[in-house]
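Structure at a glance
Here is how the chains run, residue by residue.
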Amino acid sequence: MSEQKTMWNQSKVEDFQDSLLTWYDQEKRLLPWREDTNPYRVWVSEIMLQQTQVATVIPYFYRFMEWFPTIQELAEAPEEKLLKAWEGLGYYSRVRNMQKAAQMMVEDFGGQMPDTITDIMSLKGIGPYTGGAIASIAFNLAEPAIDGNVMRVYSRLFCIADDIAQAKSRKVFDQVVRETMSQVRPGDFNQALMDLGSNICNPTAPKCDECPLKDYCQAYTEQRQTAFPVKTKKVKAVPVYYIGLVVKNQLGDYYMVQRPSDGLLANLWTFPLVEVSADEYAAMKKAWQVYLKTCQIEEAEITKISLFDRVAEETADDYLLEVNKRLIDNLPKQADVIWQTQPAGEVTHLFSHRKWHILVAYGQSIEENSRLFDLSGTWIAESEFQRYPFPKPQEKMLDILVKKGY
DNA sequence: AATTCGGGGTT
DNA sequence: AACCCAGAATT
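The present account deals with the structure reproduced in this document. This one's a predicted model, so the numbers in the text were calculated from it and none came from an experiment.

Here is what the cut-offs are and how they apply
Counting from 1, residues in each chain are numbered in the order their sequence is written. Here the convention is simple: chains get letters from A, ligands get numbers from 1, in the order in which they are written. Only residues with pLDDT of at least 70 get local features here, since the model is predicted, and only at 80 or more are side-chain atom pairs given and counted; chain-wide, interface and lining totals rely on the full set of residues. Heavy atoms from the whole structure form the basis of all side-chain values; hydrogens and water molecules are not counted. A run of H or I in DSSP becomes a helix once it reaches four residues, and a run of E becomes a strand once it reaches two; helices and strands are each numbered from the N terminus. We call two N or O atoms a polar contact when they sit within 3.5 Å, provided that within protein one can donate a hydrogen and the other can accept it, with sequence-adjacent residues counted only if both atoms are side-chain atoms. Inter-axis angles, ranging from 0 to 180 degrees, are taken between N-to-C directions of lines fitted to C-alpha atoms, where helices are fitted over the stretch in contact. Note on terminology: angles under 35 degrees are roughly parallel, angles over 145 are roughly antiparallel, angles of 65 to 115 are roughly perpendicular, and the others are oblique. Between two residues, a contact is recorded if the distance between any of their heavy atoms is within 4.5 Å. As a working rule, the residues Ala, Val, Leu, Ile, Met, Phe, Trp, Tyr, Cys and Pro are called nonpolar, Asp, Glu, Lys and Arg charged, and the rest polar, with Gly in that last group. What makes a residue near a molecule or strand is one non-hydrogen atom of that residue sitting within 4 Å of it. The aromatic pairing rule takes the rings of Phe, Tyr and Trp, using the six-membered ring of Trp, and pairs them if the centres are within 6.5 Å, calling planes under 30 degrees apart stacked, those over 60 edge-to-face and the rest tilted. The buried label goes to any residue with under 20% of its type's maximum accessible area, the exposed label to any with over 50%, and the partly exposed label to all in between, with areas taken from a 1.4 Å probe on protein chains only.

1. Description of the side chain of Arg41
Tracing the sequence through the fold places Arg41 in helix 2 (residues 39–48). Within the local environment of Arg41, its side chain forms a polar contact with the backbone oxygen of Pro32, the two atoms lying 2.7 Å apart.

Structural data, given as structure tokens:
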């Protein structure tokens, strides 16, 4: 779109910086990673804060620093402990990349965070934003740290109409921020922009009357605050349908599998998930809803667990009403597992690009130890859950069982 | 340049 | 529901 020049003289730039920094000195949020500028703490906080709200990060930050007090200990940590530290935070490759970066620091940088922007940016998982944040906050280098907040603030300050969803727009903002940022207190300047973007210059209802930069803001002057930033919208999440296979054995252990080392929720643990078509899923859910409705009319006659083999052979009409035939047909056949004839519940979970729908099937295994459904899973006792990293959909499936009293 | 990576909060 | 968030790696 447009090449943006600030057209501010040196005096105006300095006044602008003073206004922002003075406001920051008075209003800055007290956050655990702001107690000092230790590069390790700054790094951990910045990785956690990628696409993640401050309030969410705080407890994770404390626990992470407790579990991995030094770069060396992070470099040597077992993966399951890493993932457990990240459980529920999302974007799990962040913590895997952090460990790789920690190992790079041990090997190439004396076990320390390097102190030049080039070396910092060479580390796994550290891109332009995070590199600039670490360089400026931990080492007082005059590097911009351009995230969604900063692009929103600057798009309003200078009425920059470039689409912030486009990668090429980043360099437009990079140039303007470099021209206007404090060379004396770059770390505080960058953090001030973040606090401003979070507390004042927010997306939908900016509090311009409280803003220390309103005298410098072109959008405010023109009363076009909500016209910025310009951002094209995202594509809708693609639906995916599963049956969740929840099997408990005589000891009360659950059968779980570890997800593949690549892709979504890599290496995390869940109940086995069997993908089904949208049509199959709709049929199973429909039969279930009809059943629930019927049960209410008949005052909640609970369907008992039935042997799979027996269910499959059953043909009597009054029995079929209780049996979700499509569900049973889609369940793996194994002689020592008996299944509930209706789903135990439904879980939905929205990711950035996928929407999972899971019908939860509940079964019991007669054998205490056996390999189920030709999957390389593991029987896990509830007392061992703290050792395994679970994603949110897994938590939701477990919640259903707990509420049902299974 | 577009897609793939989670999950929670706000409106 | 749609949108946002202290984004980076991969394709």
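2. A word on the packing of helix 9 (residues 148–157) against helix 10 (residues 169–180)
Close contact between helix 9 and helix 10 brings their axes to 11 Å; oriented N to C, the two are set at 75 degrees. Considering the angle they form, helix 9 stands roughly perpendicular to helix 10. Packed against helix 9, whose contacting residues are Val150, Met151, Tyr154 and Ser155, the element helix 10 presents Phe173, Val176, Val177 and Thr180 at the interface. Looking at side-chain class alone, the contact of helix 9 with helix 10 contains six nonpolar, two polar and no charged residues.

3. Comments concerning the protein's contact with DNA strand B
By nearness alone, 21 residues border DNA strand B, and Gln51, Tyr92, Leu264, Leu265 and Lys392 come closest of all. Note that a sugar or linking oxygen of DNA strand B is positioned 2.8 Å from one of the backbone N or O atoms of Tyr91. At 2.5 Å, a side-chain N or O of Tyr92 approaches a phosphate oxygen of DNA strand B. Of the residues assigned to the surface near DNA strand B, the class counts are eight nonpolar, 11 polar and two charged.

4. Notes on the packing of aromatic side chains
In this structure the tally under the stated criterion is 21 aromatic pairs. Where Phe351 meets Trp356, the ring centres are 5.0 Å apart and the plane angle is 70 degrees; that geometry is what we call edge-to-face. Assessed through its relative accessible area of 13%, Phe351 is described here as buried. Through pairs of rings, three or more aromatic residues link up here, namely Trp8, Phe16, Tyr154, Phe158, Phe189 and Tyr216.

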